[in-house]
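Secondary and tertiary structure notes
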Number of protein chains: 2
Amino acid sequence: MSNQFGNKLRELREQQNLLLRQVAPLLDVDTPMLSKIERGERQAKKELVMRLAPILKAKADELLTLWLADQIAALAADEEVGLQAMQVAEAEVKYQKTKKKKK
Amino acid sequence: MSNQFGNKLRELREQQNLLLRQVAPLLDVDTPMLSKIERGERQAKKELVMRLAPILKAKADELLTLWLADQIAALAADEEVGLQAMQVAEAEVKYQKTKKKKK
DNA sequence: TTATATTTGTCATTATTTGGCAAGTCATTA
DNA sequence: TAATGACTTGCCAAATAATGACAAATATAA
């Protein structure tokens, strides 16, 4: 599997010389949980990603992008038609964007 | 929401002059369930998509593509970074394809 | 060894999904 | 107006999956 998000977390955390047990409490999760998130064994919630960004001095959007990308990739990866489906989905999303936001 | 998959089902079914109550039993689901699937209120399982294809005289791949696309679009649609994430995910999936299937 | 960092495994709880039924609407026909 | 046929809605219990926490197991280092 892919886990660009978790890899980025770890990279940023190590760059900052932070330990799992230092970061985890700031997020109200325990250390094993954060470890699992970094390794892609568990999925972070969006809200956790948001809280993580400032701690790792990263842009929330950047992290969110990787976080979402992993989920999309997981869906597409185990299907033969994965790439085609992504094309169709992309067109779909672009189209929705045009017709005003529906809240 | 989008539901290209369900729309296609309905289109094909009507082209064939088949009724929900005729098709549903062939799939071992009840009529309301098939109705919900067509309207995108419920998600079909992959296996059902496969069984549906011959009944509607469609290519399984074509239906699978729409089916997957809807799921991907649903993920990407409610995020600001949806489109970016799809780009990243696409690169991710393409990359995985190169390094042999890991079954 | 001892100490510290991370990972693994398991588990109960909670949340989400699933499939089905009963009843509903809507349109058409008798 | 009734009755019929096609489809939809609402609801629920059962199955399934996700979540968070903990203890214990591995490193890794001193």
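Please refer to the structure placed before this passage.
Quick summary incoming for the structure in this document. (Residues numbered from 1 in each chain as written. Chains lettered and ligands numbered in written order. Predicted model: local features only at pLDDT ≥ 70, side-chain atom pairs only at ≥ 80, totals over all residues. Heavy atoms only, no water.)

This part covers the interface of chain B and chain A. Taken together, the contact between chain B and chain A spans 37 residues of the former and 37 residues of the latter. For the pair chain B and chain A, the summed buried surface comes to about 3,300 Å²; carbon and sulfur atoms form 66% of the total. The interface formed by chain B and chain A contains two salt bridges. Put simply, A:Lys46 and B:Glu79 hold a salt bridge, and the shortest N to O gap is 3.1 Å. At the junction of chain B and chain A, the tally comes to eight residue pairs in polar contact (both at pLDDT 80 or more). Within the residue set of the side of chain B that touches chain A, elements represented by two or more residues are helix 5 (60-77) and helix 6 (82-98) of chain B. Residue classes in the side of chain B that touches chain A are distributed as 18 nonpolar, nine polar and ten charged. (Contact = heavy atoms within 4.5 Å. Buried area = accessible area lost by both parts, 1.4 Å probe. Salt bridge = Lys/Arg side-chain N within 4 Å of Asp/Glu carboxyl O. Polar contact = N/O pair within 3.5 Å; in protein donor to acceptor, adjacent residues only side chain to side chain. Helix = DSSP H or I, 4+ residues; strand = E, 2+ residues; numbered from the N terminus. Nonpolar A, V, L, I, M, F, W, Y, C, P; charged D, E, K, R; others polar.)

Take the protein's contact with DNA strand C next. Looking at DNA strand C, there are 16 residues lining it, with A:Arg21, A:Ser35, A:Lys36, A:Arg39 and B:Arg42 nearest. Backbone atoms, meaning sugar and phosphate, form 48% of the atoms of DNA strand C found within 4 Å of the protein. Here a phosphate oxygen of DNA strand C and a side-chain polar atom of A:Arg10 are 2.6 Å apart. Within the side chain of B:Lys36, an N or O atom sits 2.8 Å from a base oxygen of DNA strand C. Among the elements of the structure, helix 1 (4-15), helix 2 (20-27) and helix 3 (31-38) of chain A together with helix 3 (31-38) of chain B are those that each provide at least two residues to the surface near DNA strand C. Tallied by class, the residues present in the surface near DNA strand C amount to six nonpolar, one polar and nine charged. (Near = heavy atom within 4 Å.)

This paragraph deals with the relation of the copies chain B and chain A. Structural alignment of chain B on chain A gives an RMSD of 0.0 Å, achieved by rotating through 180 degrees and translating 0.0 Å along the axis. Classification of the inter-copy transformation places it as that of a two-fold axis. Taking C-alpha positions as the reference, the residue of chain B nearest the rotation axis is B:Ile72, at 3.0 Å. Interface overlap between copies: 100% of the residues of chain B at the interface are likewise at the interface in chain A, consistent with a symmetric, same-surface contact. (Least-squares fit on C-alpha atoms with pLDDT ≥ 70 in both.)

Right, let's get into the protein's contact with DNA strand D. Looking at DNA strand D, there are 16 residues lining it, with B:Leu20, B:Arg21, B:Ser35, B:Lys36 and B:Arg39 nearest. Considering DNA strand D, the proportion of its atoms within 4 Å of the protein that are sugar or phosphate atoms stands at 52%. Taking A:Lys36, its side chain carries an N or O atom lying 3.4 Å from a base nitrogen of DNA strand D. In this structure, a phosphate oxygen belonging to DNA strand D sits 3.2 Å away from a side-chain N or O atom of B:Arg13.

Time to look at helix 2 of chain A. Residue and element names in this part refer to chain A. The set of residues buried in helix 2 consists of Leu20, Val23, Ala24 and Leu27. Within helix 2, the buried residues cover an arc of 105 degrees as seen down the axis, which keeps them to one side. Turned more than 90 degrees from where helix 2 packs its buried face, Arg21, Pro25 and Leu26 sit exposed. Looking at the buried residues of helix 2, the elements they touch are helix 1, helix 3 and helix 4 (46-55). Downstream of helix 2 by one or two residues, Asp28 has phi in the positive range, about 60 degrees. (Buried < 20%, exposed > 50% of the residue type's maximum accessible area, 1.4 Å probe, protein only. Arc of directions from axis to C-beta.)

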